[in-house]
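Residue-level listing of the chains:
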Amino acid sequence: MYINTILSPALGKTTILKQGDNSIRFVALIETSHDSARRSKGWTVQLWHSSGAEWQATDFILNNDPSLVVGCEKTPDLRQLVYTLDLNSENAKPLQFTLRFKPDENSPWIWSKDQTGAADGRLVFQAASDIIQQDPFHFSELFEKPDCALSIKASPSQVSGVEVFEVKLSSAWMGPRQGTAPFAIDKDALMAGYIRSDGRHVVVLGVSGIDDCTTYVHASTGRIVLKTRNDGAVDQYHRVIVTTGLEYQRTVDAAFYKAREMIRALVTQSDTAVEKEENPEDEPVPVPAWYETWRYDGLAYCTWNALGRELSEDRILAALQDLSNNGIYVSTLIIDDNWQSLDNDRRWDKFEANSNFPKGLAHTTSEIRRRFKNIKHIAVWHALLGYWEGIAPGGWIDNNYKCTTVKWHGGWDVRVVDEPDVGRMYNDFYKFLVASGVDAVKCDVEATIDEFDDGTVRQRLGRAYQDAFKLYSLKWFSRRVIYCMAHIPYIFFRSLLPHDSPRVLFRNSDDFFPDIPSSHAWHIFANTMNNIFTSHLNGLPDWDMFQSALPEYGALHAAARCISGGPIYITDSPGQHDVGLIRQMSALSPQGHTVLLRPSCVALPIDPFVVYNNNHLLKVGNFCGSVGGSSLMAVFNISEMENSELISIDEFPGIVPGTKYAVRSHRTGGVSGTHVRGEGSLIPTTLPQNGWEFYNAAPTRELVHADDKSSFSVGVFGLISAMSGAAAIVSQSVNTETERAVISVTLKALGILGFYISNLASRDTSNLLITISGNVIPLDTMKKSANSDVVLEVDIDTAWKQLGLSAGWSNEVTVVLYIQ
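Residues numbered from 1 in each chain as written. Predicted model: local features only at pLDDT ≥ 70, side-chain atom pairs only at ≥ 80, totals over all residues. Heavy atoms only, no water.

By the naming in an unreviewed UniProt entry, the chain is Alpha-galactosidase, taken from Discina gigas. We quote the UniProt Sequence similarities (unreviewed entry) comment for the chain here in full: "Belongs to the glycosyl hydrolases 36 family." (UniProt positions renumbered as here; feature names shortened; annotations may be inferred.)

Structure representation (structure tokens):
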């Protein structure tokens, strides 16, 4: 017999509750296959719990309230039983708990840990805001016996309710780590955060890039240790920021605001250079780049996994033709590694492309733009130092710029352009690229500036290369750049923490590896957690390319990119595309351009302390518009077995108290009904290994029916043909001052628009009136959804074509629903 148990609050994690409530509501859902032998006998379900003393058992009771657990997916093959328990919480001590159950009195107990592998859950109780101490929180209350070499001062906080401490100590790729007690980190960390037993969050952020110092955070046997490095010639102070507050993300925000304030006080070489840089008449003046014209809202294609090392003009043109033949119209092309001219030891020789581009780079870009009018931007790859192994001795670059040989990676020689000529080389190289039809770059291997053996070399060359890259990418490309392999403290703090130039794209994690099965769930987990840090930088986190037709994992990656809030670009091999999946990530604008439907913000984990491969689901949140708009949540199984969870509307970001939200599943098309914050309705979610779900919570509005005796609710899901289709909504409004209510929606793309109508099942759709740009739509472009009796589907794309409409000057379309 199949048995699946789901508990809320969840097992395997720490849940923070506010003090003041008299009891804690536990909800247990038991799903079983239909079995007549078990149906007639009562289940016994118990919470096994302890507040530090002896463990005790408390019985659940069967709860038949149908609104308590409501799913988006119909499960006719399963029987669902809901049990509740209200446990006294007056002592406010941390509570550890697990679940056990048995189908009848004569059966042995089944423990959830044995059945699902989920560890015990833990509750900690946080003082309510009205009883929190009014005096400032002191550093001594966070750490016992801090090092006497520390100089500590309380610092003004830019986030209410969060305390900030500035701490001084005299004397390639980032990834997440999570755990429980004892507090330990196996790598040097840039930032560490944890929950205290009283429910307070503490965040420790090492500050780098000031006075040539780098600071890492380490933890061992419950101690926070600062690991520092000084590349300067004189003694300096090392800095760390400590913040404490009641909400994790606000506590992180306060730390970064303070760090940015510290960095802003510095005047960097590049800032001075930007002020002094003159622009001759034949050279460009930096201009802002509109999001849709770069890789923000346009679908991009990268050659790396698709074409690999055998890169040539012919192969690039063939790949673009294949995309076009399949109706995939990308707006940005990234010509990745292997286009440059190198010597036999793969060191950079000259600016011009190699012999696989026989007529030069300019000819290649000219052919691309001539054949594929949808290509608006062409970017090329290069390493920060030129190429992976530096500059070719005796080559064209070596002979035209001052170069030097330095030690790196423990004694190895590398030839690089020396500090006095780094700026001139970057200016000339980018001028060549622009003349060759290139208008963006992907700058890779940027962490090499932290890999020189000598501190004085790191200090001298690191600053020179980062300043030159920032200045001349602004001058020639308006900062249409991708930072890649740039996860080092100096770049984070000095190049990207200041918001002093156009926003860049920033590679957020290690690469996408299509042939390594274990890498896919980790890739999504790492990017989600890294966003906690990188969302504060002057860059849009880039979760890397992926292949749409990758068996089992293509849709997993697509859902992750759609929730990320970052760019989306594919690296499909010719002839290997999942066109249907690509169309779930993008849509055609009224003017015929392919646009991505990006949420308004950078995605963040709902629970930053979820542990990878620990029998718990990863929930990633984002929203569209301002607070009160549509809220999005993508859910991923990052464990090696099936996992389940009861998800509350309270976990969705941007939810407004008192507003009812209709929650729709993109995967099934089902709607779980309406939910209100704080009222306890739960959505059961069960995912197989590498499974995913994408929820859209749309705010609804209650309307009075024409008979004045009943009411119904309406809402707008956006383009349900796309995962993040709520992002297609530019604006919406409801007017109830006429005989028929008027729901007006302005969209930036075409597709299938979904309306939520609570009493749609009893309505005749022929009595509904819908217009597009003032034209009544054909009746056959409107229907009730086959997956939900509360969703009205309107095929805007087909109606647009049948009506013969054109965009004209606008790139938006307005749809109006009249209903009574």
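**Q** I tried to follow the pattern of salt bridges on my own but got confused; where do I start?
**A** Where charged atoms of side chains with opposite charge meet at close range, the side chains can pair. The full count for this structure, using the stated rule, is 30 salt bridges. For Asp186, the salt bridge identified is with Arg177, shortest N-O distance 2.9 Å. Overall, Asp186 belongs to the exposed group, its relative accessible area being 54%. When the shortest N-O distance is used, the salt bridge between Glu419 and Arg460 registers 3.8 Å. A residue pair is termed long-range when its members are at least 10 positions apart, and Glu419 in helix 9 (residues 419-435) and Arg460 in helix 10 (residues 455-477) qualify at 41 residues. Residue class for Glu419 comes out partly exposed when judged on its relative accessible area of 35%. Three or more residues are tied together by salt bridges with common partners; here these are Arg229, Asp231, Asp450 and Arg458. (Salt bridge = Lys/Arg side-chain N within 4 Å of Asp/Glu carboxyl O. Buried < 20%, exposed > 50% of the residue type's maximum accessible area, 1.4 Å probe, protein only. Helix = DSSP H or I, 4+ residues; strand = E, 2+ residues; numbered from the N terminus.)

**Q** Can you walk me through the packing of helix 10 against helix 11 (residues 489-496) in this structure?
**A** How two helices sit against one another is set out by the angle between their axes and by the gap between those axes. Where helix 10 meets helix 11, the closest approach of the two axes is 11 Å, and the angle between their N-to-C directions is 45°. With respect to their mutual orientation, helix 10 and helix 11 come out oblique. Taken as a pair, helix 10 and helix 11 cross one another with a handedness that is right-handed. Each of Gly462, Arg463, Gln466 and Lys470 in helix 10 lies in contact with helix 11, whose residues at this interface are Tyr490, Ile491, Arg494 and Ser495. In terms of residue class, the contact of helix 10 with helix 11 is made up of two nonpolar, three polar and three charged. (Axes fitted to C-alpha atoms, helices over the stretch in contact; angles between N-to-C directions. Parallel < 35°, antiparallel > 145°, perpendicular 65-115°, else oblique. Left-handed = near helix turned anticlockwise from the far one by under 90°. Contact = heavy atoms within 4.5 Å. Nonpolar A, V, L, I, M, F, W, Y, C, P; charged D, E, K, R; others polar.)

**Q** Can you walk me through the sheet that holds strand 45 (residues 775-776) in this structure?
**A** What links the strands of a sheet is backbone hydrogen bonding, and the strands pair in either a parallel or an antiparallel sense. If you walk across this open sheet you meet the five strands as 41-42-48-44-45, and the pairing is antiparallel. One side of each edge strand has no neighbouring strand; the edge strands of this open sheet are strand 41 (729-735) and strand 45. Pairing of strand 42 (residues 741-747) with strand 48 (residues 813-819), which is carried by seven bridges, proceeds in the antiparallel orientation. In the strand pairing of strand 48, Thr746 is matched with Thr814. (Pairing = 2+ DSSP bridges.)

**Q** Just to check I follow, could you spell out the confidence of the model for the chain for this structure?
**A** Do not read the predicted coordinates in detail wherever pLDDT is low. Mean pLDDT over the chain: 90, with 93% of residues reaching 70 or higher. A low-confidence stretch, residues 268-275 stays under pLDDT 50, and its non-local contacts, those more than four residues away or across chains, total 11 contacts. Ignoring residues within four places in sequence, the model shows residues 287-295, a span with pLDDT below 50, making 28 contacts including any to other chains. (pLDDT = per-residue confidence, 0-100.)

**Q** When you look at the environment of Gln56 in this model, what are you seeing that I'm missing?
**A** Along the polypeptide, Gln56 turns up in strand 5 (residues 56-59). When the C-alpha atoms of Gln56 and Asn91 are compared, they prove to be 16 Å apart, with 35 residues separating the residues in sequence. Residue contacts for Gln56: discarding those within four places in its chain leaves Leu47, Trp48 and His49.

**Q** I tried to follow the sheet that holds strand 6 (residues 61-62) on my own but got confused; where do I start?
**A** The four strands are arranged 1-3-7-6 in an open sheet whose pairing can be described as antiparallel. Looking at strand neighbours, the two that pair on one side only are strand 1 (3-8) and strand 6, the edges of this open sheet. As paired strands, strand 6 and strand 7 (residues 78-88) are joined by two bridges and run antiparallel to one another. Across the sheet, the residue bridging to Leu62 is Tyr83, located in strand 7.

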